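Listed below are the residues making up each chain.
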Amino acid sequence: MPLLIRSLNQRGVPLASGKEQVRLLESPNGFPRFEETIAGAGLHPLTGDHITVFQINVGKLCNQTCRHCHVDAGPDREESMSRETAELCMAALARTGIPTVDITGGAPELNPGFRWLVEESRRLGRRVIDRCNLSVLLIPSQADLAAFLARHEVEIIASLPSFSAAQTDAQRGDGVFGKSIEALRLLNALGYGREGSGLTLSLITNPVGAFLPPSQKSQEAHFKSRLAREHGVVFNHLYTITNMPISRFLEFLIESGNYEAYMHRLVAAFNPEAAAGVMCRYTLSVGWDGSLYDCDFNQMLDLPLDHGAPGHIRDFDPDRLHRRRIVTGNHCYGCAAGSGSSCGGTIA
Amino acid sequence: MDTYYHPKDLGHFADMGKGIPALWEKFMAYYGAVFAEGALTEREKALIALAVAHTVQCPYCIDAYTQASLEKGSNLEEMTEAVHVACAIRGGASLVHGVQMRNVAGKISM
């Protein structure tokens, strides 16, 4: 039976609201609040260190509707960054030496301004990351996308939870594994993932369920071996990422009766070393409408920058952003559990 | 007590150290060392533990090593194969003792 997934937004359920998710996460759950836990580790208040990643979420439109999506992205979503906001982003970037531009979504490539953002960021000499769902490369209107990314030496970080078709499709929708392999072969043919090509292809794996991710190092070797042997696919790095207890994954946790156990698992696995290195300390996250956040997860929970930091890209001020106080909540346990989790994989 | 086994009891495993902590500490030190990365990976050791858990039919161990196997990066296909290995050895152990049966029967039969 085909797996039909619709966004929370499309179904109009209460969890579609970030505020409702925060209310649930912050209500008494039988475990200490994240702020208390980081205070115990001498990390409260958590503050920015120095921004090295300028992350732009260009919108929620996506050609897929994955069951665990923290953005609640899907084909029904219409939130999309305008050219005017994209220009504000590039103007802000040009005022800094931030080395990396990380473009995400949704499927960011479906935003009309995506290619302009890539070209401008490269013109400014920055490393550009495209967070790619792979299947977007096979859409007929995107037939030249892979070559465009290669031409601009864009680093691709692509989602592939498992080398098993059943597991990948269980998380990302029927038929996605096959499309992902086809797209990976297309990227390999352009040189992506091959030594010496200068074209970096990394994969991201999220657990397909309510458990923590494996060791990044051992899992990378396992993925490389299986994908090469069974599909002839090569890649450079594997990043393991913890599923955040928000949005559609939060809905899965609640509906499957795993919410309480999963939160306790995250809390029990709290690692001060991972908490000290969380990505929000080095990232500025810009929303599709130009609002500023500490990370993409806070963005989806409607938790904008606070504590006196500017709230919109038009008010961008690096001096007030680099050492800002981070907005935290119980969802942050997800980034601080075990070996830690970030957009670049494990931390500790 | 409405059942001998209760999932929450797994969280009270450390109660076995009460009254005689020295033995518990020695056991846990050994246990931790056994499951650390060595000549075998942590993932391989968790799969072995999962198979053994099914052989000794311990519900706590099955619960713990299902979760551990997933968190070490195994998938359901690999974990199911591991259980079949346990099953094959258990079944094979019964069957190979049939040789003993045949030996005894052969000795006392005409």
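Values in this document were obtained by computation on a predicted structure and should not be read as measured data. (Residues numbered from 1 in each chain as written. Chains lettered and ligands numbered in written order. Predicted model: local features only at pLDDT ≥ 70, side-chain atom pairs only at ≥ 80, totals over all residues. Heavy atoms only, no water.)

Chemist: Talk me through the environment of B:Q67; I want residue IDs and the actual numbers.
Modeler: Of note, B:Q67 is situated in helix α3 (residues 59-71). Between the C-alpha atoms of B:Q67 and B:K26, which are 41 residues apart in sequence, the distance is 25 Å. Setting aside chain neighbours within four positions, we find B:Q67 in contact with A:F211 and A:R265. (Helix = DSSP H or I, 4+ residues; strand = E, 2+ residues; numbered from the N terminus. Contact = heavy atoms within 4.5 Å.)

Chemist: Go over the interface of chain B and chain A with me, naming the residues and quoting the values.
Modeler: The interface is formed by ten residues belonging to chain B together with 13 residues belonging to chain A. For the chain B and chain A pair, buried surface summed over both sides reaches about 930 Å², with 44% attributable to carbon and sulfur atoms. Among the residues of chain B in contact with chain A, B:L70, B:E71 and B:N75 are the three that bury the most area, contributing 50% of the side total. Our count for the contact surface shared by chain B and chain A stands at three salt bridges. B:E78 is paired through a salt bridge with A:R226; the nearest N and O atoms lie 3.1 Å apart. Between the two partners, chain B and chain A, sit six residue pairs in polar contact (both at pLDDT 80 or more). At the level of secondary structure, the elements contributing two or more residues to the side of chain B that touches chain A comprise α3 and α4 (76-96) of chain B. Considering only residue class, the side of chain B that touches chain A consists of two nonpolar, three polar and five charged. (Buried area = accessible area lost by both parts, 1.4 Å probe. Salt bridge = Lys/Arg side-chain N within 4 Å of Asp/Glu carboxyl O. Polar contact = N/O pair within 3.5 Å; in protein donor to acceptor, adjacent residues only side chain to side chain. Nonpolar A, V, L, I, M, F, W, Y, C, P; charged D, E, K, R; others polar.)

Chemist: How would you sum up the side chain of A:N236? Please name residues and give values.
Modeler: The topology assignment puts A:N236 in the loop between α9 (216-231) and β6 (237-240). Apart from the residues lying within four places of it in its own chain, the contact partners of A:N236 are A:G193, A:L199, A:T200, A:L201, A:E220 and A:K224.

Chemist: Could you give me a rundown of helix α10 (residues 247-255) of chain A, with the residues and numbers involved?
Modeler: All names here are of chain A. Along α10, the positions that sit buried rather than exposed are S247, R248, F249, L250, E251 and L253. Those residues of α10 that are buried lie in contact with α1 (8-11), α2 (18-26) and α11 (259-268). Among the residues trailing α10, G257 stands out with phi positive, at a value near 75 degrees. (Buried < 20%, exposed > 50% of the residue type's maximum accessible area, 1.4 Å probe, protein only.)

Chemist: I'd like a description of empty space enclosed by the protein, backed by residues and values.
Modeler: Enumeration over the complete set of coordinates arrives at three cavities of 30 Å³ or more. Counted as a void, the largest cavity has a volume near 600 Å³. For the largest cavity, the lining is made up of 40 residues, of which A:H68, A:H70, A:T104, A:S159 and A:N206 are closest to its centre. Mapped by element, the contributors of at least two residues to the lining of the largest cavity are β3 (127-132), β4 (155-159), α7 (165-172), β5 (201-205), α10 and α13 (296-300) of chain A. When grouped by side-chain class, the residues that make up the lining of the largest cavity number 19 nonpolar, 17 polar and four charged. Every residue lining the second largest cavity is counted, 16 residues in all, and those nearest its centre are A:P161, A:Q167, A:Q219, B:G73 and B:S74. (1 Å grid on protein atoms, 1.4 Å probe; cavity = no way out; pocket = protein on both sides within 12 Å on 5 of 7 lines; lining within 4 Å. Points joined across faces, edges and corners; volume = space filled by probe spheres on them.)

Chemist: Kindly report on the packing of aromatic side chains, identifying the contributing residues and their values.
Modeler: Here the structure, examined in full by the defined rule, presents 15 aromatic pairs over all chains. Consider the rings of A:F249 and A:Y262, whose centres lie 5.3 Å apart with planes at 70 degrees: the pair is edge-to-face. Of this pair, A:F249 sits in helix α10 while A:Y262 sits in helix α11, and the two are 13 residues apart along the sequence. On the basis of relative accessible area, A:Y262 is assigned to the buried category, the value being 1%. Their ring planes at 85 degrees and their centres at 5.0 Å tell us that B:F13 and B:W24 sit as a pair that is edge-to-face. Within this pair, whereas B:F13 is found in the segment before α1 (21-35), its partner B:W24 is found in helix α1, the two being separated by eleven residues in sequence. Judged by relative accessible area, B:W24 falls into the buried class, the value being 18%. Taken together, the ring pairs in this structure connect B:F13, B:W24, B:F27, B:Y31, B:F35 and B:Y65 into an aromatic cluster. The ring centre of A:W116 lies 4.1 Å from the NZ or CZ of A:R83, which sits over that ring. Positioned above the aromatic ring of A:F148 is the side chain of A:R115, whose terminal nitrogen or guanidinium carbon lies 5.0 Å from the ring centre. (Phe/Tyr/Trp six-rings, centres within 6.5 Å; stacked < 30°, edge-to-face > 60°. Lys NZ or Arg CZ within 6 Å of the ring centre and 35° of its normal.)

Chemist: Residues and numbers for the packing of α1(B) against helix α2 (residues 42-56) of chain B, please.
Modeler: Residues and elements named next belong to chain B. Here α1 crosses α2 at 115 degrees, and the two axes come no closer than 9 Å. Here A33, V34 and F35 of α1 come into contact with α2, specifically with E42, K45 and A49. For the contact of α1 with α2, the class distribution of residues is four nonpolar, no polar and two charged. (Axes fitted to C-alpha atoms, helices over the stretch in contact; angles between N-to-C directions.)

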